[in-house]
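Structural characterization, general
What follows is the residue order along each chain.
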Amino acid sequence: MRTVEEHRAALVGLVSALPPVTVPLSESLGRVLAADVVAAVDLPGFDNSAMDGYAVRSADVVGAGPASPVVLDVDGDIAAGDTRRHVLRRGATMRIMTGAPMPDGADAVVPVEQSDGGTDRAALMLAAEVGKHLRRRGEDVRSGDVVLRAGMRMTPGRLALAAASNVAEVLVAARPRVSVVSTGDELVGLGSPLDHGRIVDSNRPMLMALVEAAGAELVGFGHVGDDGEALASLLELGRGDPDLVLTTGGVSMGAYDTVKEVLSRSGTVEFSKVAMRPGMPQGAGVVGPRRTPIVTLPGNPVSSFVSFHIFVVPVLRALAGLDPEVALVDGVAAQGWSSVPGKVELTRVVLGPDGVRPSGGQGSHMLGALADATHLAVVDAATTNIEPGDVVHLLPLVGQD
Ligand SMILES: Nc1nc2c(c(=O)[nH]1)N[C@H]1C(S)=C(S)[C@@H](COP(=O)(O)OP(=O)(O)OC[C@H]3O[C@@H](n4cnc5c(N)ncnc54)[C@H](O)[C@@H]3O)O[C@H]1N2
Ligand code: MOO
């Protein structure tokens, strides 16, 4: 029996990194940066006013206050977007709006609320000191600064920072192209009537969703029955020219476990038992004329879900040129639970305010626990009992991190 690490290393070894791609910033949300983003401009780009009010030389308003207003000539207006270069006369002021460039010579702003609002002459009632209500060029970001680092996922906030820095395009990790195929005669499509003995093909929508939530691109999907020829031809097709094919079902010891039967014959896919629960029966290799990497996941829904997290995510990350390892986070058990000896156990858990608890029934056919689960607790093969207060290692669920 293989260890989880051995099987993961074998899978990651099947793929090589795809080259990163340049995308317009507007299409970068959710993508992982493949290079640092460097600001092309200072932020702010010029000294500007933080308030609607009056640009002044602080020396001209010394002692100004409600009881002792300083009255100055108003030499004109400066609106946001004014591209002229203004110079403020000594003993004068200019009306200025939020975001408008400061005139040369001005070093402070008196907000309109602390004035009489005059347009020819204005009475100012604040002794604004140097820098008051002023936003300095480059105080936020300097041109040439690294504002985002390679490996970060683009979020709306990061996108805003890149946009303000006038970065129009970014280099991002490639999105691997993935096909998903479910197998089994018992499966019917979502929304169809269910005869006795039939079940809904839930693994296919689950894996399609996992693929997309993991940042990969779904390029094909289908279902085949337990018919060896159909399965063989579907896999040969490699529809959509995927970088990876995922199958689910048909990999254990049954008389109709077609994936294993058909692909074992090809000689390019290896089937193994992995010391984990759930997800023991696994297979992987290459198929078709392009030797497309394939990972054959077990059919039990939870086994398939867990195997995706433990094996497919690292493969997708390797394809994207990222470190295959996903960092685990620590949590503290709020209650105890037992774990199978000799195998890594992946327990669906909820990380709540009081700590970590198993989320519902843990059978590999039981999807109920996925409603609330936030993480998989990775319990090593030597541990048979988790006690309340124990530190447990958690893998965030895809789409939930
Ligand atoms: N004699 C043995 N039997 C089994 C073993 C074993 O070692 N010896 N291993 C068990 C383990 S562990 C697992 S996991 C499963 C893996 O089975 P398969 O990959 O061959 O999957 P199937 O037999 O096709 O299906 C298993 C189970 O999952 C349901 N299923 C399958 N596909 C879907 C789908 N797309 N959507 C929803 N549910 C699906 C299927 O109906 C079965 O109930 O084998 C054990 N048996
Ligand atoms: O390993 Mo199976 O995955 O227990 O259900």
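Computed from a prediction, not measured in an experiment: that's the story for all the values here. (Residues numbered from 1 in each chain as written. Chains lettered and ligands numbered in written order. Predicted model: local features only at pLDDT ≥ 70, side-chain atom pairs only at ≥ 80, totals over all residues. Heavy atoms only, no water.)

1. What about the site of ligand 1?
Filter applied, for reference: Working definition: residue near molecule or strand if any one of its non-hydrogen atoms lies within 4 Å of it. Whenever two N or O atoms come within 3.5 Å, that pair is a polar contact, provided that in protein one can donate a hydrogen and the other can accept it, and provided that, for residues adjacent in sequence, both atoms are side-chain atoms.
In the neighbourhood of ligand 1, 22 residues make up the surrounding shell, with Glu186, Asp201, Val251, Ser252 and Gly299 lying closest. Between ligand 1 and Asp201 there is a distance of 2.8 Å, counted from a nitrogen atom to a side-chain nitrogen or oxygen.

2. A look at the domain arrangement of the protein chain
For interface size, the figure often reported is the accessible area lost on association. The condition is simple: What marks off one domain from the next here is an automatic or database domain assignment. A contact between two residues is defined here by any heavy atoms of the two lying within 4.5 Å. A 1.4 Å probe defines the accessible area here, and the buried area is the portion of it lost by two parts on being joined, summed over both. Should a side-chain nitrogen of Lys or Arg be within 4 Å of a carboxyl oxygen of Asp or Glu, the pair is scored as a salt bridge.
Domain boundaries assigned for the protein chain yield domain 1 (4-18 + 174-319), domain 2 (21-43 + 139-172), domain 3 (48-135) and domain 4 (329-396). Its C-alpha centre places domain 1 at a distance of 25 Å from the equivalent point of domain 4. Taken together, the contact pairs 15 residues of domain 1 with 16 residues of domain 4. Summed over both partners, the interface of domain 1 with domain 4 buries about 1,300 Å², with 70% contributed by carbon and sulfur atoms. Our enumeration of links across domain 1 and domain 4 arrives at one salt bridge. Here Glu345 makes a salt bridge to Arg277, at a shortest N to O gap of 3.2 Å. Counting every contact that joins domain 1 to domain 4 gives six residue pairs in polar contact (both at pLDDT 80 or more).

3. Things to note about the side chain of Arg348
Going by this rule: Helix and strand assignments come from DSSP, with helices taken as H or I runs of at least 4 residues and strands as E runs of at least 2, each series counted from the N terminus.
Mapped onto the fold, Arg348 is located in strand E23 (residues 344-352). Of the polar contacts made by the side chain of Arg348, one reaches the backbone oxygen of Met366; its length is 2.7 Å.

4. A short note on the packing of helix H3 (residues 203-213) against helix H6 (residues 301-319)
To keep things clear, this is the line we draw: Lines fitted to C-alpha atoms define the axes, with helix axes restricted to the stretch in contact, and inter-axis angles between N-to-C directions lie between 0 and 180 degrees. Comment on the angle field: the value is read as roughly parallel under 35 degrees, roughly antiparallel over 145, roughly perpendicular from 65 to 115, and oblique elsewhere. By convention, the crossing between two helices is left-handed when the near helix turns anticlockwise from the far helix through less than a right angle, and right-handed when the turn is clockwise. Amino acid classes used here: Ala, Val, Leu, Ile, Met, Phe, Trp, Tyr, Cys and Pro are nonpolar; Asp, Glu, Lys and Arg are charged; the rest, including Gly, are polar.
Two numbers describe how H3 lies on H6: the axes approach to 10 Å, and their chain directions differ by 15 degrees. Comparing the axis directions of H3 and H6 gives the class roughly parallel. Relative to H6, H3 is oriented so that their crossing is right-handed. Contacts between H3 and H6 involve Asn203, Met206, Leu207, Leu210 and Val211 from the former and Pro301, Ser304, Phe305, Phe308 and His309 from the latter. Classifying every residue of the contact of H3 with H6 gives seven nonpolar, three polar and no charged.

5. Examining the sheet that holds strand E20 (residues 292-297)
The following threshold applies: Strand pairing requires that DSSP identify at least two bridges connecting the strands.
Strand order in the open sheet made by the six strands is E15-E12-E16-E20-E19-E17, with mixed pairing throughout. Edge positions in the sheet fall to strand E15 (217-224) and strand E17 (269-273), since each of these pairs with one other strand and no more. The mean angle between the axes of side-by-side strands here comes to 15 degrees, regardless of whether they run parallel or antiparallel. One ladder, built from four bridges, connects strand E16 (residues 244-248) with E20; its direction is parallel.

6. Side note on the site of ligand 2
Residues in contact with ligand 2, as listed here, are Pro278, Gly279, Met280, Pro281, Asn300, Ser303 and Ser364. Contact distances for ligand 2 include 2.5 Å between an oxygen atom and a side-chain N or O atom of Ser303. Tallied by class, residues from the shell around ligand 2 come to three nonpolar, four polar and no charged.

7. Here's the deal with unusual backbone geometry
The test is simple: Using a 1.4 Å probe on the protein chains alone, a residue whose accessible area is under 20% of its type maximum counts as buried, one over 50% counts as exposed, and one in between counts as partly exposed.
For the peptide bond that leads from Leu43 to Pro44, omega is -15 degrees, which places it in the cis range. Tracing the backbone through its elements, the reader meets Pro44 in the loop between strand E2 (37-38) and strand E3 (48-49). With an omega dihedral of -5 degrees, the bond running from Arg277 to Pro278 counts as a cis peptide bond. Positive phi is not limited to glycine here, since His133 has a value of about 55 degrees. Mapped onto the secondary structure, His133 falls in the loop between strand E8 (121-124) and strand E9 (134-135). According to the relative accessible area criterion, His133 is partly exposed, its value standing at 23%. Residues other than glycine seldom take positive phi values, yet Arg291 does so here, at roughly 50 degrees. Relative to the helices and strands, Arg291 is located in the loop between strand E19 (281-287) and E20. You can call Arg291 exposed: its relative accessible area is 54%.

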